[in-house]
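A look at the structure
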Amino acid sequence: MFKGSITALITPFRNGKVDEAAFTRFIDWQIREGTHGLVPVGTTGESPTLDHDEHKRVIELAVEAAKKRVPVIAGTGSNSTDEAVELSQYAEKVGADAVLIVTPYYNKPSQEGLYQHFKAINDAINIPIIIYNIPSRSVVDMSVATMARCYELKNIVGVKDATANLARPSQTRAALGPEFCQLSGEDATALAFMAHGGAGCISVASNVAPRLCAEFQNACMAGDFKKALALQDRLMPLHEVLFIETNPAPVKYAVSRLGFGTADMRLPMVSVSEASRRAIDAVLLGLDLIDAKAAE
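Note that this is a predicted model, so its numbers are computed, not measured.

Observations regarding the overall build of the protein
Of the regular secondary structure elements, the protein holds 13 helices and ten strands. For the protein, whose C-alpha radius of gyration is 18 Å, the value lies close to the compact-globule estimate of 19 Å for 296 residues. Dimensions of the protein, computed from the C-alpha atoms along their principal axes, are close to 55 × 45 × 35 Å. Taking the intrachain contacts of the protein between residues at least 6 apart in sequence as the baseline, contacts between residues at least 24 apart amount to 70%. If the 29 positive side-chain charges of the protein are averaged to one point and the 34 negative ones to another, these points end up 2 Å apart.

Shown next as structure tokens:
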């Protein structure tokens, strides 16, 4: 159910509020371009600066706009277990197909704490859970052994692996088996991740180039790594430039250049610099995503 190019959606703002119309149009375009799944209100969706009502509304909008054409995996993680449970229950209530739960950040739980956190969420809902393991932001790394314990729970089905450790998918596959759904959390290394047994990528770049990212994932899933490598070569400048400053500021600007909302961010995040805008425009132009006149 969860495979291919899954977009970690941006949340467009206008005049300080969620731009619901732009978000709905953006999701429809994503699906028409071939995206295989959607993740609203993850890190790229600026979940840290959305209040609870906004967070819930964005999940609801994504479910409504998707119309079951592709799965919606709602970002409902928190470093408070009770809060993660509440958001996850709401996501299930409004029709999300699964939830993405980040390992709790800042408070640095032990491996036992990680297990108990995921068990509490597992016990509170009846839809699939994907673990989001991103040590660079959360400062904790769920071990393969802890992940294996979590996989014994009824709803844990996979992981978004943003460790950037390309041995990890093979280690996880050896310990948990091929049915455990492993999704890359890093566009730049997704090609290697797929070759190690990955099922897809929860992608930042697919906000900007959904058709190319879907074609790349389709090639990987078909075992055509020669075609996938050619697409990776085309996409690599985009993967790099979208992290020229802290995500999601670059991708938010890039999506605004495609006509979906503004580049507005909420403090403490700020929009990208003028130099970064020029670099992003150059890559968009090179991929024929904007024309030369728009890049001037």
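Let's pick the thread back up.
Re the pairing of strand S8 (residues 156-161)
Within S8, five of the six residues are buried, which leaves it mostly tucked inside the rest of the structure. Relative to S8, strand S7 (residues 129-133) is paired through five bridges, and the arrangement is parallel. Looking across to S8, one finds that Ile 129 is bridged to Ile 156. In the sheet, S8 pairs with strand S9 (residues 181-184) via four bridges, with the strands oriented parallel. When the sheet's bridge partners are listed, Asp 161 is paired in S9 with Ser 184.

Let's talk about the sheet that holds S8
Read across the open sheet, the eight strands follow the order S4-S1-S10-S9-S8-S7-S6-S5; overall the sheet is parallel. Lying at the two open borders of the sheet, with one neighbouring strand each, are strand S4 (37-39) and strand S5 (73-75). Taken over all neighbouring pairs, the strand axes of this sheet differ in orientation by 30° on average, direction set aside. Here strand S1 (residues 4-8) runs beside S4; their pairing, made up of three bridges, is parallel.

So, helix H12 (residues 274-286)
For H12, spanning 13 residues, the distance from its first C-alpha to its last is 19 Å, which sits close to the expected 18 Å at 1.5 Å a residue. Burial in H12 covers these residues: Ser 276, Ile 280, Asp 281, Val 283 and Leu 284. An end-on view of H12 places all buried positions within 165° of arc, on one side of the element. In H12, those exposed residues whose orientation departs by more than 90 degrees from the buried face are Glu 274, Arg 278 and Gly 286. Downstream of H12 by one or two residues, Asp 288 has phi in the positive range, about 60°.

Quick look at the side chain of Ser 184
Relative to the assigned elements, Ser 184 resides in strand S9. Excluding residues within four positions of it along the chain, Ser 184 makes contact with Lys 160, Asp 161, Ala 190, Phe 193, Gly 200, Cys 201 and Ile 202.

Here's the deal with helix H11 (residues 249-257)
Given 3.6 residues to a turn, an α-helix orients residues that are three or four positions apart in the same direction. Counting buried residues along H11, eight of its nine residues qualify, which places the element largely inside the surrounding structure. The complete set of buried residues in H11 reads Ala 249, Pro 250, Val 251, Lys 252, Tyr 253, Ala 254, Val 255 and Ser 256. Where H11 is buried, its residues contact strand S2 (13-14), helix H1 (20-32), helix H10 (225-241) and H12.

With respect to the packing of helix H3 (residues 81-94) against helix H4 (residues 111-124)
In contact at an axis separation of 9 Å, H3 and H4 are set at 30° when each is read in the N-to-C sense. By the criterion of interaxial angle, the relationship of H3 to H4 is roughly parallel. In this structure, H3 crosses over H4, and the sense of that crossing is right-handed. Contacts between H3 and H4 involve Thr 81, Ala 84, Val 85, Ser 88 and Gln 89 from the former and His 117, Ala 120, Ile 121 and Ala 124 from the latter. Grouping the constituent residues of the contact of H3 with H4 by class yields five nonpolar, four polar and no charged.

As for the side chain of Asp 187
Following the sequence through the fold, Asp 187 ends up in the loop between S9 and helix H8 (190-195). Although Asp 187 is buried, it forms no salt bridge, and the closest oppositely charged side chain is Lys 160 at an N-O distance of 8.6 Å. Reaching out from Asp 187, the side chain makes a polar contact with the backbone nitrogen of Val 204 at a distance of 3.0 Å. The contact partners of Asp 187, leaving out residues within four places of it in the chain, are Cys 201, Ser 203, Val 204, Ala 205, Gln 232 and His 239.

Some thoughts on the packing of aromatic side chains
For the structure on display, the rule yields four aromatic pairs. A connected cluster of aromatic rings, assembled from ring pairs, spans Phe 26, Trp 29 and Phe 260. Lying across the ring of Tyr 115, Arg 149 places its NZ or CZ 3.7 Å from the centre. Sitting above the plane of the Phe 13 ring, Arg 266 keeps its charged end 4.5 Å from the centroid.

Concerning the nonpolar core
Among the nonpolar cores identified, the biggest contains 79 residues, and Leu 238 and Leu 242 are the most heavily contacted of them. Residue contributions to this core peak at seven residues, all from helix H2 (residues 52-66). The contact partners of Leu 238, leaving out residues within four places of it in the chain, are Ala 205, Val 208, Ala 209, Val 283, Leu 284 and Leu 287. Counting 15 residues, the second-largest nonpolar core is a separate cluster that includes Ala 8, Leu 100, Ala 162 and Ile 202.

Cut-off values and rules
- Residues numbered from 1 in each chain as written.
- Predicted model: local features only at pLDDT ≥ 70, side-chain atom pairs only at ≥ 80, totals over all residues.
- Heavy atoms only, no water.
- Helix = DSSP H or I, 4+ residues; strand = E, 2+ residues; numbered from the N terminus.
- Rg over C-alpha atoms; globule rule 2.2 N^0.38 Å.
- Contact = heavy atoms within 4.5 Å.
- Lys, Arg positive; Asp, Glu negative; His and termini not counted.
- Charge placed at Lys NZ, Arg CZ, Asp CG, Glu CD.
- Buried < 20%, exposed > 50% of the residue type's maximum accessible area, 1.4 Å probe, protein only.
- Pairing = 2+ DSSP bridges.
- Axes fitted to C-alpha atoms, helices over the stretch in contact; angles between N-to-C directions.
- Expected span 1.5 Å × (residues − 1).
- Arc of directions from axis to C-beta.
- Parallel < 35°, antiparallel > 145°, perpendicular 65-115°, else oblique.
- Left-handed = near helix turned anticlockwise from the far one by under 90°.
- Nonpolar A, V, L, I, M, F, W, Y, C, P; charged D, E, K, R; others polar.
- Salt bridge = Lys/Arg side-chain N within 4 Å of Asp/Glu carboxyl O.
- Polar contact = N/O pair within 3.5 Å; in protein donor to acceptor, adjacent residues only side chain to side chain.
- Phe/Tyr/Trp six-rings, centres within 6.5 Å; stacked < 30°, edge-to-face > 60°.
- Lys NZ or Arg CZ within 6 Å of the ring centre and 35° of its normal.
- Core = buried A, V, L, I, M, F, W, Y, C linked by side-chain atoms within 4.5 Å.

No statement about biological role is implied by the geometric values presented.
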